[in-house]
Number of protein chains: 4
Amino acid sequence: MSDQEWIKELINDTEDTVISEKQQKILAAAIDTFSEKGFAASSTSEIAKKAGVAEGTIFRHYKTKKELLLAIVTPTMAKFAAPFFIKTFAKEVFEKEYEHYEDFLRMIAKNRLEFVKKHFSVLKIFIQEIAFHDELREPYQKLFNEHVYGKFKKIIEHFQEKGEIIDLPPETIIRMSASSIIGYILPRFILFPNQEWDDDKEIEHIVEFVMYGLSGKR
Amino acid sequence: MSDQEWIKELINDTEDTVISEKQQKILAAAIDTFSEKGFAASSTSEIAKKAGVAEGTIFRHYKTKKELLLAIVTPTMAKFAAPFFIKTFAKEVFEKEYEHYEDFLRMIAKNRLEFVKKHFSVLKIFIQEIAFHDELREPYQKLFNEHVYGKFKKIIEHFQEKGEIIDLPPETIIRMSASSIIGYILPRFILFPNQEWDDDKEIEHIVEFVMYGLSGKR
Amino acid sequence: MSDQEWIKELINDTEDTVISEKQQKILAAAIDTFSEKGFAASSTSEIAKKAGVAEGTIFRHYKTKKELLLAIVTPTMAKFAAPFFIKTFAKEVFEKEYEHYEDFLRMIAKNRLEFVKKHFSVLKIFIQEIAFHDELREPYQKLFNEHVYGKFKKIIEHFQEKGEIIDLPPETIIRMSASSIIGYILPRFILFPNQEWDDDKEIEHIVEFVMYGLSGKR
Amino acid sequence: MSDQEWIKELINDTEDTVISEKQQKILAAAIDTFSEKGFAASSTSEIAKKAGVAEGTIFRHYKTKKELLLAIVTPTMAKFAAPFFIKTFAKEVFEKEYEHYEDFLRMIAKNRLEFVKKHFSVLKIFIQEIAFHDELREPYQKLFNEHVYGKFKKIIEHFQEKGEIIDLPPETIIRMSASSIIGYILPRFILFPNQEWDDDKEIEHIVEFVMYGLSGKR
DNA sequence: TATGAATGAGACTTCATTCAT
DNA sequence: GATGAATGAAGTCTCATTCAT
């Protein structure tokens with residue numbers, strides 16, 4: 001399963017809704033502004049100016065400012081969770097492609113890092129605003145609980161049975177795996193984005209760390 | 001070195017500046033509102049109402065809304081970083097109290113978790129707003145770079161020499177240690193705060209994970 | 001050279017900037033209010049009410065209250081100084097139309113008095129506020145120094161050479177001529193505006209006074 | 001009649017009202033602020049700070065901000081008009097000291113110029129605010145009409161009878177005399193206060209001008 | 001469909017004034 | 001008498017949203 005396949009899936013999800021050129025400009029301007037100043041501190045008039053459209057045009061496409069936020073965040077988050085929805089996802093993990101948890105972890109890390117690189121602005125908006133809008137929190141909490149967590153859990157149990165990974169509750173394992181990746185993404189993109197980063201090497205460190213820990217004992 | 005000692009230090013830092021009762025009400029109301037709605041989406045009139053004071057009273061104490069934000073966030077963050085400034089901090093790690101990195105890690109984890117429990121609202125505000133206000137980001141970036149990172153590095157090198165921990169760049173070790181802790185705090189307080197959490201047990205998992213990794217090979 | 005010509009010049013200067021009906025109402029209401037209460041004591045809410053528009057409408061057209069002040073005062077003052085900028089101004093004085101300083105003075109007096117009658121409110125605002133706003137003072141000081149004073153000086157020297165007027169420094173002559181006119185305008189429009197005034201007769205007195213003084217000896 | 005006598009008169013007018021040191025500081029600070037920013041744009045809190053007193057202290061001495069304005073302006077204006085109230089004023093003009101209108105004019109000019117120099121700030125405040133406060137305009141209009149104008153008129157008629165000055169209505173003569181002096185004061189103190197001014201020479205010019213006009217023919 | 005002028009509610013902030021200490 | 005914290009009305013200005021064109 002390659003990047004390409006996912007992306008196709010994702011694009012198909014939203015491509016049926018045709019988006020006019022003006023709408024695209026509005027979305028781009030809104031992403032820019034929201035991610036720079038935050039949703040509440042961004043004004044629709046500034047977005048309109050940046051998009052090169054009239055103030056009223058925004059409201060022709062999106063009834064309210066919040067609807068504009070959702071229009072930005074929703075499809076991107078759907079894409080973010082998309083891999084876990086692919087029918088073949090778990091099967092492939094079990095059967096062939098990812099013989100070890102390590103491989104699986106490496107794949108997820110690389111893959112989602114790539115995604116973050118591409119969609120960083122929108123993710124930033126999402127993370128900022130999820131705290132304040134139930135419309136954002138609820139569907140993604142549900143989505144995570146019902147789909148992502150479920151599949152993940154199966155995969156982890158699979159590798160636990162194989163004796164590859166320790167016997168902790170799956171949510172703990174998920175948390176530790178995920179937080180190690182996120183713990184790289186945060187400084188990488190937010191705290192010190194201007195520093196030079198060798199992503200491949202760092203991912204190896206992360207995988208190594210997660211798998212073998214900090215213990216000097218190998 | 002115990003909690004008590006730190007707390008004393010912290011309190012002394014700010015207790016000389018006497019705070020009137022109304023001021024305290026304003027601060028409490030502001031923390032409440034900011035952490036619930038975010039800084040930009042909170043109105044001073046709402047804060048005033050919640051604090052039971054006239055709106056003008058807020059501005060007698062804090063020239064601007066942003067100054068109110070800083071008045072909330074700055075001392076709390078100073079307290080958060082405070083342990084790392086205590087003169088005895090590194091010495092105690094090296095000499096006696098924390099013979100192993102594990103002990104040190106456990107202490108930090110417990111200790112800062114305690115702090116987060118107590119000051120969660122303010123920390124949430126800080127995390128939310130640091131992305132948008134240079135006045136917040138810069139001093140803490142500097143503080144971290146100049147003080148926290150330096151001491152941490154020495155400690156890590158110390159345990160690396162002892163062969164207790166792996167030979168990765170210190171910032172990578174820090175990142176992994178910290179993100180494992182943060183990776184617990186985030187779901188613990190933000191995503192699923194209503195769930196039951198056995199903090200002591202979870203910290204043991206974290207420490208174990210960080211020290212020995214997920215690898216089944218012990 | 002007649003009033004008509006000047007006025008055309010002036011109107012052309014600003015007529016290309018089209019002003020909407022609401023804008024005109026706002027300007028009229030602002031002139032009214034500023035001249036009655038002074039700039040600082042006038043509130044935008046009162047102006048809005050008087051203009052019959054929403055308060056926000058004022059700020060759509062003029063970013064700040066001060067910009068509204070400048071929008072009122074600047075073009076009027078430009079018009080006030082306009083006669084001195086007409087290409088033919090000095091030539092006509094020298095060559096034919098105003099053979100004597102007296103004629104020139106009478107023309108200026110009548111002409112500018114007419115202007116004051118028409119634009120008294122705005123001039124009052126200007127005079128009141130010039131003391132407090134550098135943005136007002138500086139351009140007009142410069143304008144006066146560079147253009148009005150220069151032309152005036154040449155004209156005065158011309159009549160001094162002809163032996164028509166006394167040999168004092170041109171700025172003194174200007175001051176005395178001007179203050180005699182202003183010394184009429186002030187009581188005429190500010191101190192006792194309700195009294196009956198025979199402008200033509202008074203201007204004759206002024207001209208006579210400026211030329212021959214109060215001495216009974218002719 | 002000398003300066004000294006007038007000044008004594010004036011001082012006696014107000015010296016019975018004892019003024020505390022704090023009050024003096026308040027008055028000085030208020031004069032400073034009002035004359036720099038205008039009455040409406042000055043805040044009592046700024047005045048209090050400049051005076052080194054608490055905000056409330058101002059209101060202990062002056063019930064309202066406007067009362068503070070009046071406390072500043074009223075005695076100064078009384079002093080300004082004072083010469084005209086001295087019992088001997090007109091008599092001395094008629095009988096001996098000022099044999100010619102010219103002498104009288106010179107004396108007034110010098111004398112009031114001196115006064116303006118000393119009390120410029122307050123006069124500026126007065127001139128600015130008289131347009132907006134009936135409490136200021138009315139008493140001084142009355143005072144001028146009843147006392148100053150009356151005496152002035154007598155003096156002028158006296159010199160008209162002697163054939164020293166032209167036969168224009170007294171108010172016209174007053175206006176022309178006064179405006180010639182004011183026409184010096186304005187640029188002297190407001191427009192170009194930083195320039196070098198030879199007051200004595202300029203006053204001679206003014207007197208000469210008022211008496212003999214600008215005509216070169218003597 | 002797009003525009004942008006207009007709106008009015010509400011934002012932050014200032015200020016003259018009061019009053020308990 | 002002096003203070004300065006507190007007030008709340010009012011000030012300037014912003015903003016999401018509407019609607020006639």
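Residues numbered from 1 in each chain as written. Chains lettered and ligands numbered in written order. Predicted model: local features only at pLDDT ≥ 70, side-chain atom pairs only at ≥ 80, totals over all residues. Heavy atoms only, no water.

**Description of the protein's contact with DNA strand E**
Right, on to step 1. By nearness alone, 33 residues border DNA strand E, and Thr57(A), Thr44(B), Thr57(C), Thr44(D) and Lys65(D) come closest of all.
Right, on to step 2. For DNA strand E, the backbone makes up 61% of the atoms found within 4 Å of the protein, where backbone means sugar plus phosphate.
Right, on to step 3. In the model, a phosphate oxygen of DNA strand E is placed 3.1 Å from a nitrogen or oxygen of the Ser42(D) main chain.
Right, on to step 4. The separation between a phosphate oxygen of DNA strand E and a polar main-chain atom of Lys65(D) is 2.7 Å.
Right, on to step 5. Within the surface near DNA strand E, the residues separate by chemical class into 6 nonpolar, 18 polar and 9 charged. (Near = heavy atom within 4 Å. Polar contact = N/O pair within 3.5 Å; in protein donor to acceptor, adjacent residues only side chain to side chain. Nonpolar A, V, L, I, M, F, W, Y, C, P; charged D, E, K, R; others polar.)

**Quick look at the UniProt feature "DNA-binding region" (unreviewed entry) in chain A**
Right, on to step 1. Within the UniProt annotation, "DNA-binding region" (unreviewed entry) is assigned to residues 43-62 of chain A.
Right, on to step 2. Regarding residues 43-62 of chain A, the helix share stands at 75% and the strand share at 0%, and the terminal C-alpha atoms are separated by 14 Å. (UniProt positions renumbered as here; feature names shortened; annotations may be inferred. Helix = DSSP H or I, 4+ residues; strand = E, 2+ residues; numbered from the N terminus.)

**Re a nonpolar patch on the surface**
Residues and elements named next belong to chain A.
Right, on to step 1. A surface patch of nonpolar side chains, amounting to about 330 Å² of accessible area, comprises Ile182, Leu186, Ile190 and Leu191.
Right, on to step 2. Within the secondary structure, Ile190 is located in helix H9 (residues 170-191).
Right, on to step 3. For Ile190, a relative accessible area of 42% corresponds to the partly exposed category. (Patch = residues over 30% accessible without salt bridge, like charges linked within 9 Å, V, L, I, M, F, W, Y side chains within 5 Å. Areas by Shrake-Rupley, 256 points an atom, 1.4 Å probe, with all protein chains shown as cover. Salt bridge = Lys/Arg side-chain N within 4 Å of Asp/Glu carboxyl O. Buried < 20%, exposed > 50% of the residue type's maximum accessible area, 1.4 Å probe, protein only.)

**Here we look at the domain arrangement of chain A**
Residue and element names in this part refer to chain A.
Right, on to step 1. Considered domain by domain, chain A is made up of domain 1 (3-61) and domain 2 (70-214).
Right, on to step 2. Opposite the 13 residues of domain 1 that make contact, domain 2 presents 18 residues.
Right, on to step 3. Carbon and sulfur atoms supply 76% of the area buried between domain 1 and domain 2, which totals about 1300 Å² over both sides.
Right, on to step 4. Viewed at the interface, domain 2 and domain 1 are joined by 0 salt bridges.
Right, on to step 5. At the surface where domain 1 touches domain 2, the tally comes to 2 residue pairs in polar contact (both at pLDDT 80 or more).
Right, on to step 6. Those elements that provide at least two residues to the side of domain 1 that touches domain 2 are helix H1 (3-15) and helix H2 (21-37).
Right, on to step 7. Looking at which element gives the most residues to the side of domain 1 that touches domain 2, the answer is H1, with 6 residues.
Right, on to step 8. Of the residues contributing to the side of domain 1 that touches domain 2, the split by class is 8 nonpolar, 3 polar and 2 charged. (Domains from an automatic or database assignment. Contact = heavy atoms within 4.5 Å. Buried area = accessible area lost by both parts, 1.4 Å probe.)

**Considerations on the packing of aromatic side chains**
Right, on to step 1. Evaluated as defined, the whole model comprises 39 aromatic pairs over all chains.
Right, on to step 2. Pairing Tyr101(A) with Phe159(A) gives two aromatic rings, centres 5.8 Å apart and planes at 70°, and the pair type is edge-to-face. Placement of the pair is Tyr101(A) in helix H7 (residues 101-130) and Phe159(A) in helix H8 (residues 134-161), with a sequence separation of 58 residues.
Right, on to step 3. A relative accessible area of 0% places Tyr101(A) in the buried class.
Right, on to step 4. Taken together, a centroid distance of 5.2 Å and an interplanar angle of 65° make the contact between Phe209(C) and Phe209(D) edge-to-face. Of this pair, Phe209(C) sits in helix H10 (residues 199-212) while Phe209(D) sits in helix H10 (residues 199-212), which puts the two residues in different chains. Of the two residues, Phe209(C) and Phe209(D), both sit in the buried class.
Right, on to step 5. Linked through ring pairs, Tyr98(A), Tyr101(A), Phe104(A), Phe152(A) and Phe159(A) together constitute an aromatic cluster. (Phe/Tyr/Trp six-rings, centres within 6.5 Å; stacked < 30°, edge-to-face > 60°.)

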